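Chain by chain, the residues run as shown.
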There are 4 protein chains.
Amino acid sequence: MGIVVAVRVLGIHSSPRKYGNSFKMLWVALRAAQRAGAETEYINLYDLSIGPCLACYSDHFLNCRYPKEAGECPLRGRDDYSLVAEKLLSSDAVIFSTPVYWFMVSGVLKNLFDRMTSLENMVYHVGRSLLDGKVAGVLAAGEEAGAATALSWAVFTLVNMGFHVPAWGTAYYHGRGDVLDDKQAVSDAYNVGVNVVRLVKLLRGGEEANKPWYRFLSDDEYRSLVEEARKVATEMENRQRRERPWLR
Amino acid sequence: MGIVVAVRVLGIHSSPRKYGNSFKMLWVALRAAQRAGAETEYINLYDLSIGPCLACYSDHFLNCRYPKEAGECPLRGRDDYSLVAEKLLSSDAVIFSTPVYWFMVSGVLKNLFDRMTSLENMVYHVGRSLLDGKVAGVLAAGEEAGAATALSWAVFTLVNMGFHVPAWGTAYYHGRGDVLDDKQAVSDAYNVGVNVVRLVKLLRGGEEANKPWYRFLSDDEYRSLVEEARKVATEMENRQRRERPWLR
Amino acid sequence: MGIVVAVRVLGIHSSPRKYGNSFKMLWVALRAAQRAGAETEYINLYDLSIGPCLACYSDHFLNCRYPKEAGECPLRGRDDYSLVAEKLLSSDAVIFSTPVYWFMVSGVLKNLFDRMTSLENMVYHVGRSLLDGKVAGVLAAGEEAGAATALSWAVFTLVNMGFHVPAWGTAYYHGRGDVLDDKQAVSDAYNVGVNVVRLVKLLRGGEEANKPWYRFLSDDEYRSLVEEARKVATEMENRQRRERPWLR
Amino acid sequence: MGIVVAVRVLGIHSSPRKYGNSFKMLWVALRAAQRAGAETEYINLYDLSIGPCLACYSDHFLNCRYPKEAGECPLRGRDDYSLVAEKLLSSDAVIFSTPVYWFMVSGVLKNLFDRMTSLENMVYHVGRSLLDGKVAGVLAAGEEAGAATALSWAVFTLVNMGFHVPAWGTAYYHGRGDVLDDKQAVSDAYNVGVNVVRLVKLLRGGEEANKPWYRFLSDDEYRSLVEEARKVATEMENRQRRERPWLR
C-alpha cells in the first residue's frame, strides 16, 4: 500500500502591501489548492532580501549553478535566495502573485526570476532543470493596465524554466476597487489554485511524468532528423518558388 | 479491453513561405510527435481564407458562439474558418508555428486567434470552452528580434482559451541562417513535439482530466470565500499599517 | 512670406464596431488634433481589404519595396493596401486606434503593420524609410486586459519603422463601460491628439528635422568607432575580472 | 546673445558586467551623442543600491512624491535612489541600456523604473511629471531572445512617464558574439545616441516645447467634448447596427 504524499503548493507574493489585491487573489488560490487536497505555504518576497543576479552565466554558461556546495554562486550565503530556492525545490507547484508596476511584475519578483537561472541552468550540469516538471500558476493585480503584459512574460518564462502551466493557469484583476467584489476575478484565481493541484496529481499518475521534460538530442538523432527535414523543405521550396517568380 | 485512441496533433503553420524556418521547426516538432506515438496533420493558413473577427461579442457576450447551427456566426460559410475550427476540435494537441513579423505572430495567425473566440466563448453557452483541456505548443522563427514577444503573447492567450502548455512547450529561432544548422533550436522544437504528446497521454490517464478545467463558482461559494478572504486581508492590513505610519 | 502648410493627421481605426470605445477615443484624439491646428482624416480598416504580407523580404531583403512602379509587390493592385499607404505617405502624423482582442491589436491592424514593411524597407533601396520622421500615437480599448501589451508592441514597432512617439503618445481604456464616462481616458486620448501635432510643428521648426533620422555608418566610421569601443571594454573587463575571480 | 546650454545625456547601465555587450552599445550611443554635441554621463546601477518600491501610491495616489523635502518617501536617505533621481532631473535625455535576462530588462532596472514613479507621480502634486518632455532611448543586448519584449516594455513605460522617444530610438543585439562585430547593431546604437540629441535640440527650438506635455482637461472641456463624441458615436451605431441585424 503506497503512501499518499500531499501535493505541496508554494505561494510567492511579491507586493509590499500584504493586504492588497494581489494578496487576496493569492489567498483565494491557496485556499482552492487546499480544498483540492494540497498543503500550501505562503511567503512574501518583501520579508526577504534577494540581491540582483551577477550574470556569471554570460561569461561562461557553466559558471552558473545552484549552490549545493559552498562557493558555487558568489552570492551564496549573502542573501535569502537559498531559502526561497529550497522552498521551490520541495514544492510540486508554485503560484506567483504580483502587483502590476509599470505594466510588469514588481522588481523583487523580477530579481527572483533572474536568480532562478541557477536552478534552470542545472540542465547543463546534471541534464535536468531543477524546476523541470513542476507546475506553475500566476496571478496579477493592478489599478491600471499591464496585467496581461506581466502574465504573458511570467508564463512564457516559467515554461522556459521547465514548469507546466495548466489551462486557465493565470488570473488577473485590474481596477481601483477590491478584487473580492469581482466574482470573475475570484473565480479565476480559484481555478488557478485548483488546476495546479489537478495537474500535479495527473502528472503523478504516470511513470512517464517522472522522466525529465527536456532531453538533448544526440548528434546522431540531430543529423538524421535534419537530413530528412532539409529534403522536405527543399522540395517544398522548389515547388513553391515556381509560384513566386518575382522573388530573387 | 479498451481501444487505444492515438493522440492527434494538429500543426498550424502561418507563413507564406512553406519551406522556411518556421516550416522546418514545425516539421521537426510533428516528426517528434509521431515518434512519441501521435497521428499528425499539417495545415498552412495561407492556403485558406480566414476573415477578421466581427467582434459581435463586444455588443453582448452571448452574441458569439461556435456555429454548430446555421446562422450563429455571421461569417459562417463565408470563409474557411469552420474547416480549421473542426480540425482544432478533433485534435488533442495543437502546435502553432509562426514567422516573426514586426516582433509578433503573423497577421493570419492573429486573425485565427481572434476567430477562435467563438470556441472559447462557449464557456458562457455550455459551461466549457471547446478548447478546454487540450494541449498547445508554439514555435516561432524570425531573422530579427521578437520571438519571445510573439511566444509570450501566444502562450498566455492559449492558456486563457483553456489549453495546457507543457514544460518547454515553446521553441524559437532567430537569425538569418537555416534553423536546421542550430542544434539547440532543433532540440527545442523536438521537445515541443514530444511534450505535447506526453502531456496528452498523462491527462488521459485520469478520470479527473476529463472534467472541465474551468468551473464558475456558485454564488454561495463565492460569498463564503470572499468573507473569509476579507477577514484575513483586513487583519493583515491592520497589522501592516502600523508599520507604515506615513501612509494616508 | 511662407505658406503655412497644415499638419495632416491620419486616424486609422481597426475595429468592426465603428461606434465603440476605440472609435470614441480616436474621435477625441482627432478633435484634439483639429483644435491644435491639424487637418484630420479618418479611415476604418474594416472598410478595406488588406491581404496578409507574402514575406518576400525573407527570401532576399531587396525583394520588398513600396510599389511606386508596377510589378514591385506581387499584391500591388490586388487589394486596398496602396490606398492606405498613400494616405500614410501624405500624413505628418498617424493615430492608430485598436480594440484589444486577446491582449493584442486586432488582426486587421496586424496585417496592415506587416504590409507597412514595404514602406520601411525602402531604407535599403533609397536610404530612408518612407515613414522616417513622421509622428505616431496609439489608442487601445478593451473590456479585459491587454491594452498595455498591444500598445507596447505598437509603439516599439512604430519607432522601428521611423516614427517619433511623443510624450504621453498612447492612451487606453479597459472596462465594460463607455470610455466617455472615464475622464482620465478621455484626457489621455485628447493629449495624444494634441501632442502628435505639437511634435510635428516642433520638428518642422528646424532644418535638422528634415534630414533622415537613420543614417548607416560608413565602413570607416564603423571601424574607428569599434576600435575605440573595444579598447574601452577590454580595459573595463580587465579591471572588473579581478573582482570576479570565480568566473571561468 | 544667448548662452548655448549643452544637451546633457545620461547613460544608465544596468548590467553587472561592465564590459559586456550592453556596455559596448551604451558606449557607442554616448559617443554618438557627444559627436552630436552633447555632454554625457555614465552610471551603472550595480554600483548603487536601489531598494524596491513600497507602493505607497496604491494606498492613496497622493502618498507618492519625489522627496524634495525630508520625510516624503519612506525610503528617502536609505538608499541611492535620490542620487539617480537628481541625475535624471538634470538631464535632457536618458539612454537606458540593459542586458536581457529572461526576456526582460534586468531586475535592477525594473526596480529603478518602479521607483521613478515618484517623479512621474508629481503630475498629481504639481501638474507635471518631473520627467515630462525629456527624451529617451533604450538599448538591449542578450544571448537569447527577449530584446524586443524588453524594449517594447521600456519604451511604452517611458512614454507613459512623459518621455519622448525619437525615431529609431531603440537598438538591440542578440547573439553569443561581440556586438561590435555586428555593424547593423552598432549603427543602430549610434543612431539612438544621435537621435536623442537631435530631438532635444528641436524641442528647444520652440517655446511650445517648454509647456507641459500633459494637460488635464477641465470639467467643462470634458463635458462638451464627451457630449459631441456621444452624438457622433450614437449616429454611427444606429447606422451600423442596421447592417448587423444578428446582434443582440
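What counts and what doesn't
Residues numbered from 1 in each chain as written. Chains lettered and ligands numbered in written order. Predicted model: local features only at pLDDT ≥ 70, side-chain atom pairs only at ≥ 80, totals over all residues. Helix = DSSP H or I, 4+ residues; strand = E, 2+ residues; numbered from the N terminus. Buried ≥ 20, exposed ≤ 12 C-beta atoms within 10 Å, placed from the backbone. Contact = placed C-beta atoms within 7 Å. Expected span 1.5 Å × (residues − 1). Least-squares fit on C-alpha atoms with pLDDT ≥ 70 in both. Nonpolar A, V, L, I, M, F, W, Y, C, P; charged D, E, K, R; others polar. Pairing = 2+ DSSP bridges. Axes fitted to C-alpha atoms, helices over the stretch in contact; angles between N-to-C directions. Domains from an automatic or database assignment. Right-handed = clockwise from strand over helix to strand, strands pointing away. Core = buried A, V, L, I, M, F, W, Y, C linked by C-beta atoms within 7 Å. pLDDT = per-residue confidence, 0-100. Parallel < 35°, antiparallel > 145°, perpendicular 65-115°, else oblique. Left-handed = near helix turned anticlockwise from the far one by under 90°.

Quick rundown of the overall build of chain A? Include the residues and the values.
Per the secondary structure count, chain A includes 8 helices and 5 strands. Tracing chain A from N to C terminus, the helices and strands come up as β-α-β-α-β-α-α-α-β-α-β-α-α. Dimensions of chain A, computed from C-alpha atoms along their principal axes, come out at roughly 65 × 50 × 45 Å. A buried classification covers 56% of the 248 residues belonging to chain A. The contacts in chain A between residues at least 6 apart in sequence include a share of 79% that link residues at least 24 apart.

Tell me about the interface of chain D and chain A, residues and numbers included.
Contact residues are listed per partner, giving 26 residues for chain D and 26 residues for chain A. Elements with a contribution of two residues or more to the side of chain D that touches chain A: α3 (107–115) and α6 (147–159) of chain D. Per element, the largest residue contribution to the side of chain D that touches chain A is 6 residues, and it comes from α3 of chain D.

Hey, could you go over helix α5 (residues 147–159) of chain C for me, with residue numbers and the actual values?
For α5 of chain C, built from 13 residues, the straight-helix expectation of 18 Å at 1.5 Å per residue is met to within 8% by its first-to-last C-alpha distance of 18 Å. Here α5 of chain C lies mainly inside the structure; 13 of its 13 residues are buried.

How would you sum up the relation of the copies chain D and chain A? Please name residues and give values.
It takes a turn of 180 degrees to lay chain D on chain A, together with a shift of 0.0 Å along the axis; the resulting RMSD is 0.0 Å. Taken together, the rotation and translation describe the operation of a two-fold axis. Residue G107 of chain D of chain D places its C-alpha closer to the rotation axis than any other residue of that unit, at 2.9 Å.

Requested: an account of the interface of chain B and chain A, with residues and values cited.
Facing 56 residues of chain B, the contacting portion of chain A comprises 56 residues. Elements that contribute at least two residues to the side of chain B that touches chain A include exactly α1 (21–35), α5 (147–159), α6 (183–204) and α7 (219–241) of chain B. Across the side of chain B that touches chain A, the residue classes tally to 32 nonpolar, 13 polar and 11 charged.

Give me the lowdown on the sheet that holds strand β5 (residues 170–174) of chain A, citing residues and values where you can.
Residues and elements named next belong to chain A. Spatially, β2-β1-β3-β4-β5 is the arrangement adopted by the 5 strands of the open sheet, whose pairing is parallel. A single partner strand is all that each edge strand has here, and the edge strands are β2 (39–44) and β5. Going across the sheet, the axis of each strand differs from the next one's by a mean of 15 degrees, ignoring polarity. As paired elements, strand β3 (residues 93–99) and strand β4 (residues 135–142) share 7 bridges and run parallel to each other. In the sheet register, I95 faces β4, and the bridge partner there is G137.

A description of the domain arrangement of chain A should follow, citing residues and the corresponding values.
In terms of domain boundaries, chain A breaks down into domain 1 (8–210) and domain 2 (217–248). In this structure, domain 1 of chain A and domain 2 of chain A have C-alpha centres spaced 40 Å apart.

Just give me the short version of the relation of the copies chain B and chain A, but keep the residues and values in it.
Least-squares fitting of chain B to chain A yields an RMSD of 0.0 Å, with the transformation described by 0.0 Å of translation along the axis and a rotation of 180 degrees. Mapped onto chain A, 100% of the interface residues of chain B are again interface residues, and the two copies thus contact each other with one and the same surface.

Please set out the sheet that holds strand β1 (residues 7–13) of chain B residue by residue, giving values where relevant.
Paired through backbone hydrogen bonds, the strands of a sheet run either parallel or antiparallel to each other. Residue and element names in this part refer to chain B. Pairing is parallel across the open sheet formed by 5 strands, whose spatial order is β2-β1-β3-β4-β5. At either margin of the open sheet sits one strand with a lone partner, and together these are β2 (38–44) and β5 (170–174). Within this sheet the neighbouring strands show an average axis-to-axis angle of 15 degrees, counted without direction. With 5 bridges connecting them, β1 and strand β3 (residues 93–99) associate as parallel partners. Counterpart to H13 in the pairing with β3 is S97. Contacts from helix α2 (residues 81–89) reach β1, β2 and β3 within the one sheet, and its direction differs from that of β2 by about 160 degrees.

I'd like to hear about the environment of Y124 of chain A, residue by residue, with values.
Residue and element names in this part refer to chain A. Turning to its location among the elements, Y124 is positioned in helix α5 (residues 123–126). Overall, the presence of 14 C-beta atoms within 10 Å leaves Y124 in the partly exposed class. Taking C-alpha positions, Y124 is 10.0 Å from F216, a pair spaced 92 residues apart along the chain. When sequence neighbours within four positions are dropped, the list of residues in contact with Y124 reads F61 and L62.

How would you sum up the pairing of β5 of chain B? Please name residues and give values.
Regular strands show a simple pattern: their side chains alternate between the two faces of the sheet. Residue and element names in this part refer to chain B. The buried fraction of β5 amounts to 5 of the 5 residues, a majority that puts the element mostly inside the structure. The alternating pattern of β5 places T170, Y172 and H174 and A171 and Y173 on opposite faces, both of which are buried. Relative to β5, strand β4 (residues 135–142) runs parallel, the two being bridged by 5 bridges. What sits directly across from L139, in β5, is A171. Once you follow β4 into α5 and on to β5, the crossover reads as right-handed.

So what's going on with unusual backbone geometry? Residues and values would help.
Residue and element names in this part refer to chain A. Located in the positive-phi region is W102, a residue other than glycine, with phi close to 50 degrees. Along the chain, the position of W102 falls in the loop between β3 and α3 (107–115). Of note, W168 is a non-glycine position whose phi angle comes to about 55 degrees, a positive value. Within the fold, W168 resides in the loop between α6 (147–159) and β5.

I'd love a proper account of the nonpolar core, names of residues and values included.
A29 of chain A, A29 of chain B, A29 of chain C together with A29 of chain D are the most contacted members of the largest nonpolar core, which totals 352 residues. Excluding residues within four positions of it along the chain, A29 of chain A makes contact with I95, G137, L139, A189, Y190, V192 and G193 of chain A.

Break down the confidence of the model for chain A for me, with residues and values.
Scored by pLDDT, chain A has a mean of 90; 96% of the residues are at 70 or more. What the predictor reports for the complex is a pTM of 0.93 with an ipTM of 0.92.

Please provide a residue-by-residue account of the packing of helix α1 (residues 21–35) of chain A against helix α7 (residues 183–204) of chain A, values included.
Two numbers describe a pair of packed helices, the interaxial angle and the distance between the axes. Residues and elements named next belong to chain A. It is at 7 Å that the axes of α1 and α7 come closest, and there the two elements cross at 40 degrees. Classified by the angle their axes make, α1 and α7 are oblique. The handedness of the crossing between α1 and α7 comes out as right-handed. Across the interface between the two elements, M25, V28, A29, L30, R31, A32 and A33 from α1 touch V186, A189, Y190, V192, G193, V194, V196 and V197 from α7. Partitioning the contact of α1 with α7 into residue classes produces 13 nonpolar, 1 polar and 1 charged.

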